[in-house]
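Letter by letter, the chains look like this.
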Amino acid sequence: MDNPKIVWGIIGCGDVTEKKSGPAFNRINNSQLMAVMRRDAAKAADYAKRHQVPLWYSDADDLLDNIDLNAIYVATPPSSHLAYALSALRKGKSVYV
């Protein structure tokens, strides 16, 4: 049985994703970190460049509208987890919080 490729987007690419989770998504077979989002566009672009992530966004809805992403990691402060997770689920994406 073939394993489908997991194509990740991260909402909230801050300190937690720098060394732990962010780079790990590219080390797993059939997994790719394709896009990151941070409200500060300059910081999102910097993160993407440093981690060789092809796409970056400063708006979560724009990231969630990317049809190539099939999984979203919500790495924001806990107070916004539910809203982002529900938005991703409504778009048919798997969610990791």
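We now turn to the structure provided with this report.

Reading the values: the criteria
- Residues numbered from 1 in each chain as written.
- Predicted model: local features only at pLDDT ≥ 70, side-chain atom pairs only at ≥ 80, totals over all residues.
- Heavy atoms only, no water.
- Helix = DSSP H or I, 4+ residues; strand = E, 2+ residues; numbered from the N terminus.
- Rg over C-alpha atoms; globule rule 2.2 N^0.38 Å.
- Buried < 20%, exposed > 50% of the residue type's maximum accessible area, 1.4 Å probe, protein only.
- Contact = heavy atoms within 4.5 Å.
- Areas by Shrake-Rupley, 256 points an atom, 1.4 Å probe, with all protein chains shown as cover.
- Pairing = 2+ DSSP bridges.
- Axes fitted to C-alpha atoms, helices over the stretch in contact; angles between N-to-C directions.

1. So, the overall build of the protein chain
Alright, step 1. On a plain count of helices and strands, the protein chain comes out with 4 helices and 5 strands.
Alright, step 2. When the helices and strands of the protein chain are placed in sequence order, the string is β-α-β-α-β-α-β-α-β.
Alright, step 3. What you see for the protein chain is a C-alpha radius of gyration of 12 Å, in line with the 13 Å of a compact globule of 97 residues.
Alright, step 4. Oriented by its inertia axes, the alpha-carbon framework of the protein chain measures out at about 40 × 30 × 20 Å.
Alright, step 5. Looking at the protein chain residue by residue over its 97 residues, the buried ones come to 41%.
Alright, step 6. Of the contacts formed within the protein chain by residues at least 6 apart in sequence, a portion of 55% connects residues at least 24 apart.
Alright, step 7. A total accessible area of about 5900 Å² is found for the protein chain, and carbon and sulfur atoms account for 52% of it.

2. Topic: the sheet that holds strand 5 (residues 94-96)
Alright, step 1. If you walk across this open sheet you meet the 5 strands as 3-2-1-4-5, and the pairing is parallel. One side of each edge strand has no neighbouring strand; the edge strands of this open sheet are strand 3 (55-57) and strand 5. Averaged over all adjacent pairs, the angle separating strand axes in this sheet is 30°, with direction ignored.
Alright, step 2. One ladder, built from 3 bridges, connects strand 2 (residues 31-37) with strand 3; its direction is parallel. If you follow Val36 over to strand 3, its bridge partner there is Trp56.
Alright, step 3. Against the sheet, helix 2 (residues 41-50) touches strand 1 (6-11), strand 2 and strand 3, its axis set at about 160° to strand 3.

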